[in-house]
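Structural overview for review
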Amino acid sequence: MAVSRDEIVKPRTDKREYRRIVLSNSLQVLLISDPETDKASSAASMDVGVGSFSDPVGLEGLAHFLGAVSFLQHMLFYASEKYPLEDSYSKYISEHGGHTNAFTDSEQTNYHFDVNSDCFEEALDRFAQFFIKPLMSADATTREIKAVDSECQMNLLSDAWRMSQLQKHVSNEGHPYHKFNIGNWETLEVRPKAKGVDTREELIKFYKEHYSANLMHLIVYAKESLDKLQGVVEEKFQAIPNHERSCFSFPGQPFLSEHLQILVKAVPIQEGHELRISWPITPWILHYKEGPMRYLSHLIGHEAEGSVFYALKTLGWATSLYASEGDCTSDFSIFEVGIDLTDAGHEHMQDVVGLLFKYIMLLQQSGVCKWIFDELAAVSQTGFHYRDKNDPIHYVVGIAYYMQKYPPEDWLVQSSMPTDFNPSTIQMHLDQLSQDNFRIFWISKNFEAEAQTLEPWFGTRYGIEKITSSTIQDWMQSAPGKKLHLPVPNVFVPTDLSVKDKKEKVTWPSLLRKSSYFSLWYKPDTMFFMPKAYITVDFSCPLANVSPEASVLTDIFAQLLMDYLNEYAYYAEVAGLYYWIGNTNSGFQVTVVGYNHKLRVLLETVVKKIATFQVKPDRFLVIKETMTKGYENYKFQQPYEQAMNYCSLILYDKAWPWMEELEVLSQLQADDLSRFVPMLLSRAFLECYVAGNIEQDEAETISNQIEDTFFKGLNPICQPLFSSQHPANRVVKLDRGMSYIYPVEGLNTKDENSALLHYIQVHRDDIKLNVKLQLFALLAKQAAFHQLRSVEQLGYTTFLMRRNDSGIRGLQFVIQSTVKGPGQIDLRVENFLSMYESKLREMSNDEFKNNVNALINMKLEKVKNLSEESSYYWNEISEGTLKFDRKECEVAALRQLTQDELLDFFNDYIKVGAPQKRTLSIRVYGSPHSSELAADRSQELPPNCVEIKDILSFKRSQPLYASFKGGVGHMKL
């Protein structure tokens, strides 16, 4: 076993300790010791250097089948010789406050988990056994092939998956990039069986052939010392076999000449127009310290004045643009520019492409600018050294995925901090964005008549045309003469990164000021010691949601503000300072977060823009068009997403059907918004939350400036609310002992998936009831997944989760399926609850205590960064609950909770037929089950069961829960 003394570059604010070791079986390991994790989660990630590019011919999707992206990881995480009980690994992780998952890429497969720290060593042992002696039973193989197929069926109508596969399809058939890498019943069962191939035997063969220790990289993250972790890892992972395999490599680009200089017209599922222009280029990994991709992406993807996007936006032709690396491996790379087009932009596609190539030619001819590289390097360096801490599981996955690509000293920094200015390398990559090796994918439903070729796996219709370099030159010459130029130096780059001196630890936010029209909450940073701040300003406006029309107008107002500020605020975003403006149930909200040095400058600009808002008719029409397409695309949502929307529509007092909002949107004009905004702002209550590296007097100055802007002067923009106008969050109260059913046909008649949302409404926010509900959900989550998804094979999307609607707590089962209709799925959910009742009663005292302790440990987990802390406290403020010590109170309640009390809770609120149970089942019927809808509706319902035939009529007939929010000081209504 070798211990590397190579110094791993880490952020200067990072107090964790790192050590690289190499076991005698050549497994490379990164150990991370973080004593601050305390009782919180530890994590591990194993990255195996084999992926879908290694799929055997005729067994497409085998690597994904072995590695997978489901919660059960399809096969490898089922069982091992040492732990042969099926699902015992996932059950152990779930019962000890953790999560487990995996994903497969072209050249690698990643497995990972997190768990409460006091259970980490056993969890790590169970994890290691899957790479030593996994069990892959024949029964589990068949079931998991169905799960892979269910996943594939779910994605068949996803444009993201369809276009990704189309890009692969239009490539060299001899290159692994061309493969169908997801897999389905056809590729993993039907075709192999027809050829006499046993998929399970091939799976085992694939595992033995490719799963070799020398192709693996492991990260272990825990609170223990490095020496302790090293001993644990050596003991548990030394037995992984090393077959001395070589990493997969397939030199060369995946495109032949016939796949370049092409225009592919493709038909999507959803409304909208999109352009994707791409070029094969030299792999970035070969030059990651020189940052050519960062330089190209920064300039081509820029959104300020002089950029391609600014020109397209000014012309009304585009609503978004990105420029980044697309598919890539160590052997090839693809640079891609994606542009969302308006209807007018679709009609001017040639001009859009011409403008893009004109800007690329400008960059090629201008030469590489050192000041731009230096500015990017400075921003990148600041971002790396002041990087927010995040959850261990996300941290280890983000490192493990790149360990085989970078030398050990750069495992943490990766390509995030370019240091070597090499203009020739950047120029080489720029020159590869040429007029003779591009690919254009033009995506629109307008091509339905002319695109007649079918991509074989997803059935996407497309057509291909050849486009010469002379054609591109013609488009460049005819493109509008918009002035394109490089960005100017970024004034938002922070130079003051000092941290304020906080003498006393502050635990919770304090209310510094409260009036009839303004309140100020303040929470200085005494935990993270970063030069960052977080500010939220919430505008409560009674007119914002009084009707579908008002709701839509408020949304347009918020989106137009973002639109107007974009070219200015984009510089702030590049420098690590972010803002967001969005509508809420009671008005709209502004959030600014990032380095505090220039934060006030951005916030003051945003506030001024709100105060001086004027409608620009041309931008109004663009936003209206974008929103219209968004509403029209609701019908293409996954059925389970539709079920969740219906559930919210039924439960929330002030929620409007999207069909009504679409109808009023079609009739709105710019003048309507011009009249509405002054009325919207005429009465308002502002609630401000200031947190982070900001002194109290500065927080008060910020709030005074905001207050003066809106409430002071001869003709103030806003007046205080009347006491009766303060918004309340009201939720429909279901009747005790009643079950409600809302059956509805899926919005997309071509979608074969049905969905069920089985919601159990339990209680209004209460500490003791909260912990009982949380504990039950923790206990039942993995059992429900295993029974309903793995055993009964109802569908790939299967989960049990808690639900919180403005302080009204509940539980929901969500299942999407092609094999069963929602009525049948509903019966399976109730059958599970009946079956689980006996398991709950038979649960040992030790198991009960273990789960209680797991939940306690999860609550004791420290927040990782300022944004996470601020979101937690702001949620308490915005909901009106104001329980800043919620975690501490719930931990105390858990320590007192008995097993009998949990059983009583189950019997009262969850058990089938429980006297206080309130149930709502949203049943969305897909095309194969549409005939069942009429049959289910015609059946006589059991006692205490009611079908909701009209949502609005039902809501009017039901009582509402009291609101936590309302009035100055959150008056209860």
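Residues numbered from 1 in each chain as written. Predicted model: local features only at pLDDT ≥ 70, side-chain atom pairs only at ≥ 80, totals over all residues. Heavy atoms only, no water.

Considering unusual backbone geometry
- You will see that F529, though not glycine, has its phi angle at about 55°, which is positive.
- By the secondary structure assignment, F529 is in the loop between β18 (518-524) and β19 (532-540).
- For F529, a relative accessible area of 43% puts it in the partly exposed group.
- The residue S806 is not glycine, and still its phi comes out positive at about 50°. (Helix = DSSP H or I, 4+ residues; strand = E, 2+ residues; numbered from the N terminus. Buried < 20%, exposed > 50% of the residue type's maximum accessible area, 1.4 Å probe, protein only.)

Quick look at the pairing of β19
- Among the 9 residues of β19, 9 are classified as buried, and the element is accordingly described as predominantly covered.
- Judged from the 9 bridges that link them, β19 and strand β21 (residues 587-595) form a sheet pairing that is antiparallel. Across the sheet, residue F539 finds its bridge partner in β21, namely F588.
- Pairing analysis gives 8 bridges linking β19 to strand β22 (residues 685-692), with the strands arranged antiparallel. Each bridged residue has a counterpart across the sheet, and for Y534 the counterpart in β22 is A691. (Pairing = 2+ DSSP bridges.)

Topic: the UniProt feature "domain: Coenzyme PQQ synthesis protein F-like C-terminal lobe" (unreviewed entry) in the chain
- Taken from the UniProt record, the annotation "domain: Coenzyme PQQ synthesis protein F-like C-terminal lobe" (unreviewed entry) applies to residues 775-874.
- As annotated, residues 775-874 has a helix share of 63% and a strand share of 18%, and its two end C-alpha atoms lie 25 Å apart. (UniProt positions renumbered as here; feature names shortened; annotations may be inferred.)

A word on the environment of I767
- In this fold, I767 is placed in helix α24 (residues 767-791).
- We classify I767 as buried; its relative accessible area is 19%.
- A sequence separation of 66 residues divides I767 from T701, and the C-alpha atoms of the two residues are 37 Å apart.
- When residues no more than four places from it in sequence are discounted, the contact partners of I767 are K883, R886, C889, E890 and A893. (Contact = heavy atoms within 4.5 Å.)

Digging into the pattern of salt bridges
- Using the criterion set out here, one finds 50 salt bridges in the structure.
- The closest approach of N and O atoms between E847 and K91, which form a salt bridge, is 3.6 Å. With E847 in helix α26 (residues 845-860) and K91 in helix α2 (residues 88-95), the pair connects residues that are 756 residues apart, well separated along the chain.
- By relative accessible area, E847 is classed as partly exposed at 25%.
- Classification of K91 as partly exposed rests on a relative accessible area of 38%.
- For the salt bridge of E837 with R841, the shortest nitrogen-to-oxygen distance reads 3.0 Å. Of this pair, E837 and R841 are both found in helix α25 (residues 822-842), 4 residues apart, which corresponds to roughly one turn of the helix.
- The class for E837 is buried, based on a relative accessible area of 16%.
- When its relative accessible area of 43% is taken as the criterion, R841 is described as partly exposed.
- It is possible to trace a salt-bridge network through shared partners that takes in D765, R809, K859, E876, K883, R886 and E890. (Salt bridge = Lys/Arg side-chain N within 4 Å of Asp/Glu carboxyl O.)

A closer look at the nonpolar core
- Membership of the largest hydrophobic core comes to 72 residues, with the highest contact counts inside it found for L30, L275, W279, F335 and I339.
- Counting residues per element, this core draws most heavily on helix α12 (residues 349-366), at 9 residues.
- C541, L603, L673 and V677 belong to the second-largest nonpolar core, a separate cluster that totals 68 residues. (Core = buried A, V, L, I, M, F, W, Y, C linked by side-chain atoms within 4.5 Å.)

Here's the deal with the packing of helix α4 (residues 138-155) against α24
- At a closest axis distance of 10 Å, the pairing of α4 and α24 adopts a crossing angle of 85°. What the angle tells us is that α4 and α24 run roughly perpendicular. Along its contact with α4, which presents R143, E144 and A147, the element α24 presents R789, S790 and V791.
- Partitioning the contact of α4 with α24 into residue classes produces 2 nonpolar, 1 polar and 3 charged. (Axes fitted to C-alpha atoms, helices over the stretch in contact; angles between N-to-C directions. Parallel < 35°, antiparallel > 145°, perpendicular 65-115°, else oblique. Nonpolar A, V, L, I, M, F, W, Y, C, P; charged D, E, K, R; others polar.)

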